[in-house]
Amino acid sequence: MQRLPISEVRTDLEKKFSANHVTILVGETGSGKSTQVPQLILGLNNGKEKIAVTQPRRVAAINLAKRVADETKTTLGQDVGYTVRFQNMSSPKTKIKYLTDGMLLRELLLRTNLDQYTTIILDEAHERTIITDLLMGFLKTLLQRRKNLRLIVMSATIDADKFSRFFDGAEVLYVQGRRFPVQRYYLTKPVEDIVDATVRTAIQIHAREPMGDILAFLAGQEDIDKAVDILNDMIQSLPKGVPNLIALPLYAALPPQQQQKVFEKVAGNERKIIIATNIAETSLTISGVRYVIDGGTHKVKVWRHDLGLDSLLTMPISKSNAAQRMGRAGREAAGKCYRLYTETDYYGLKSQSEPEIERCDVAFPILTLKLAGVSDVLGWNWLERPSKAAIMSALMQLYALKALDDEGQITELGKKMAVLPLPPHLSAVLLDAYQKGIADPVLDVVSCLSIENLIMNPHPDKRDEVYEKRLPFITASGGMGDLVVLRNYVQHYRSLSSSSERKEWCKEVYISYRAMSNVEDIRNQLNSYLKAESTNIHAEDKSVQLGPSILNEQIIQCFLTGFVANTALSLPGKMYRTIAGGQTINIHPSSSVFGKNVDAIMYTEYIFTTKAYARNVSPIDLEWLQRKAPHFLGRRTAGDD
DNA sequence: GAGCACTGC
């Protein structure tokens, strides 16, 4: 084992792990807990243990498995391995298996009571993803049945009391991290313009501080691009003899090649400044950073169950986020962190961000519970229970999708929906399409919708050029809307024979090649699940016999099965009014339906940024709506304004 | 006429 802080308390940990069913292990970053604890457990029982270690992210699971296989001098995939979506590097005799939390949840629901494991380690529990939260609830029940199962909950913050209380007073252990000191600086009074403050701080560091890269955190793409532009202008007028400064943006929607630039080393007499969203807080680690500038905010998606609307809000970060950001300056040497808020403001921050499950649509978690046989979802042992209203809204949605029956029991259809790796609404669409014999084309669209950042935004000076290349695909949709346009893209991509042609075309239309190949993986996986899970529905694929416009119409009607609540009727002035809630809604300007005059629309996303926007929009016939949702239209004509 | 954090199956 490597000599990391954890090795100093090794015997102590061994004793506790042997004695306790459940242990909460708090360790700072750099404590080596993710690589060392599994090896330590393995040694407890002469190598007879089977250990699952969960991670919230795929890359983390893969990299940790590689490191531990290295350290133990074994071949990856044998004693030490990993399982993530689309990749399985493990065998039945694997002793330490790293997997994404989603994978463990799937194993729990589909196959076993996790009988194949003797120890489960939930890592990064403090991130409080929906899936980790669900796993904790399920494991609490499972521990009562499986007396020989050991659970270790690992967390990076001191918010361990909550986990301890949840597991009936489980013992909390601490291990030290190996980190370099980071000096903190606060503002003496708050600033108005965060972009300006970031730029000025960066220039000051560059002028006064020894070499070392700078990492700055801002909330969104707009602020980041603005700050990068200003810095690049200022760099032009730096006096001679001052070292060069290179400003780089970093956010998820940036094309992969541009993201890659932040990892490239700069020359000895240069300094880079990376201006990033919270992608650099946990997901990506950049070496060489000595200075952190913390803007103090991030964007958070908050689901309004009363409106059926997501809103994307800029909110203050938590103390835990601030600590994580600061830590980015002290990974390799002592560093400095400049917080662009006052010390008083800092003390006013929440200690933790709100867990995902409290601010998201819980249709998926509720359906998962129902599949696991939980009938009283309100009374389930939630680590954090969503509000009653949120749970009720999820139950209503699932009922409308026919996943639940009148008694709230899961239906056969609901079971099929729950095992598809899709949000419930999209599962409903796909199963409907399968039954109608048009799963094949609908799979194209559903796969696109389950990928983020597929269609990218070109930089303003390339916009016209890119739009021109996209135009034929929009024209070919015959005004049938964005879902059909998406399918046209996929089909064209697939018609290209070589990967170099595909890459070339993706570049032209500014579609992410990486995301597009992911679309194909998802499509294949969904296709095989459909065939395996739906053997009792014998549906011939008849999509090839249909003419294109009839087929497109049927595709949209399948989507209406899942998204009938996401429909709106035309109002004067290019606005629409939602059928379910009566709110005004605008078609997003990125849509192919933007600026068109249609009677009614259906959309797969309803999000509030500066206004309420419908995204992925398709025009629909009022007649279809009358057939699918007479209750919605009936209520309107009754006039209950 | 927008411009939107991040994950996971």
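## Notes on the sheet that holds strand β10 (residues 213-217)
Reasoning step 1: The strand order across the open sheet formed by six strands is β9-β16-β13-β10-β12-β11, and the pairing between neighbours is parallel. What marks the edges here is a single partner per strand, and that holds for β9 (182-187) and β11 (244-250). Shown here is a sheet whose adjacent strand axes are inclined to one another by a mean of 15 degrees, direction ignored.
Reasoning step 2: Where β10 and strand β12 (residues 270-276) come together, four bridges link them in parallel fashion. Pairing of Ile214 across the sheet is with Ile273, part of β12.
Reasoning step 3: In the packing of helix α8 (residues 194-208) onto the sheet, the strands contacted are β10, β11, β12, β13 (289-294) and β16 (335-342), and the crossing angle to β16 comes to about 150 degrees.

## Concerning the domain arrangement of chain A
Reasoning step 1: If you check the domain split of chain A, you get domain 1 (5-175), domain 2 (182-354), domain 3 (357-419), domain 4 (424-559) and domain 5 (564-637).
Reasoning step 2: Spacing between the C-alpha centres of domain 1 and domain 4 amounts to 38 Å.

## Observations concerning the nonpolar core
Reasoning step 1: Of all hydrophobic cores here, the largest spans 106 residues; its most connected members are Ile120, Phe167, Val442, Trp505, Met516 and Phe559.
Reasoning step 2: Filtering out sequence-adjacent residues up to four positions away, Val442 remains in contact with Val429, Leu430, Ala433, Ile555, Cys558 and Phe559.
Reasoning step 3: Grouped together as the second largest cluster of nonpolar side chains are 26 residues, Ile51, Ile152, Met154 and Leu173 included.

## Quick notes on the packing of helix α16 (residues 412-419) against helix α17 (residues 424-436)
Reasoning step 1: Running from amino to carboxyl end, α16 crosses α17 at an angle of 115 degrees, the nearest separation of the two axes being 9 Å. The way α16 lies across α17 gives a crossing that is right-handed. Facing Leu413, Lys416 and Met417 of α16, the residues of α17 in contact are Pro424, Ser427, Ala428 and Leu431.
Reasoning step 2: Class assignment for the residues of the contact of α16 with α17 results in five nonpolar, one polar and one charged.

## So, the protein's contact with DNA strand B
Reasoning step 1: By nearness alone, 35 residues border DNA strand B, and Arg58, Lys299, Arg463, Thr609 and Arg615 come closest of all.
Reasoning step 2: Backbone atoms, meaning sugar and phosphate, make up 63% of the atoms of DNA strand B lying within 4 Å of the protein.
Reasoning step 3: Contact between DNA strand B and Lys299: a sugar or linking oxygen at 3.3 Å from a side-chain N or O atom of the residue.
Reasoning step 4: In this structure, a base oxygen belonging to DNA strand B sits 2.6 Å away from a side-chain N or O atom of Arg463.
Reasoning step 5: Breaking the surface near DNA strand B down by element, the ones donating at least two residues are α5 (101-110), α9 (221-236), β14 (297-304), α19 (463-475) and β21 (612-620).

## Quick notes on the packing of aromatic side chains
Reasoning step 1: Across all of its chains, the model carries 13 aromatic pairs by this definition.
Reasoning step 2: Pairing Phe166 with Phe167 gives two aromatic rings, centres 5.0 Å apart and planes at 80 degrees, and the pair type is edge-to-face.
Reasoning step 3: Given a relative accessible area of 9%, Phe166 falls into the buried group.
Reasoning step 4: Relative to Tyr338, the ring of Tyr185 has its centre 4.9 Å away and its plane inclined at 15 degrees; by these criteria the two rings are stacked. With Tyr185 in strand β9 and Tyr338 in strand β16, this pair connects stretches of sequence that are 153 residues apart.
Reasoning step 5: Using a relative accessible area of 13% as the deciding quantity, one classes Tyr338 as buried.
Reasoning step 6: Taken together, the ring pairs in this structure connect Tyr186, Tyr341, Tyr346 and Tyr347 into an aromatic cluster.
Reasoning step 7: We note Lys140 situated over the ring of Phe166; from NZ or CZ to the ring centre the distance is 4.5 Å.
Reasoning step 8: Seen from the ring of Tyr493, Arg502 lies directly overhead, with NZ or CZ sitting 4.8 Å from the centre.

Reading guide: rules and limits
Residues numbered from 1 in each chain as written. Chains lettered and ligands numbered in written order. Predicted model: local features only at pLDDT ≥ 70, side-chain atom pairs only at ≥ 80, totals over all residues. Heavy atoms only, no water. Pairing = 2+ DSSP bridges. Helix = DSSP H or I, 4+ residues; strand = E, 2+ residues; numbered from the N terminus. Axes fitted to C-alpha atoms, helices over the stretch in contact; angles between N-to-C directions. Contact = heavy atoms within 4.5 Å. Domains from an automatic or database assignment. Core = buried A, V, L, I, M, F, W, Y, C linked by side-chain atoms within 4.5 Å. Buried < 20%, exposed > 50% of the residue type's maximum accessible area, 1.4 Å probe, protein only. Left-handed = near helix turned anticlockwise from the far one by under 90°. Nonpolar A, V, L, I, M, F, W, Y, C, P; charged D, E, K, R; others polar. Near = heavy atom within 4 Å. Polar contact = N/O pair within 3.5 Å; in protein donor to acceptor, adjacent residues only side chain to side chain. Phe/Tyr/Trp six-rings, centres within 6.5 Å; stacked < 30°, edge-to-face > 60°. Lys NZ or Arg CZ within 6 Å of the ring centre and 35° of its normal.

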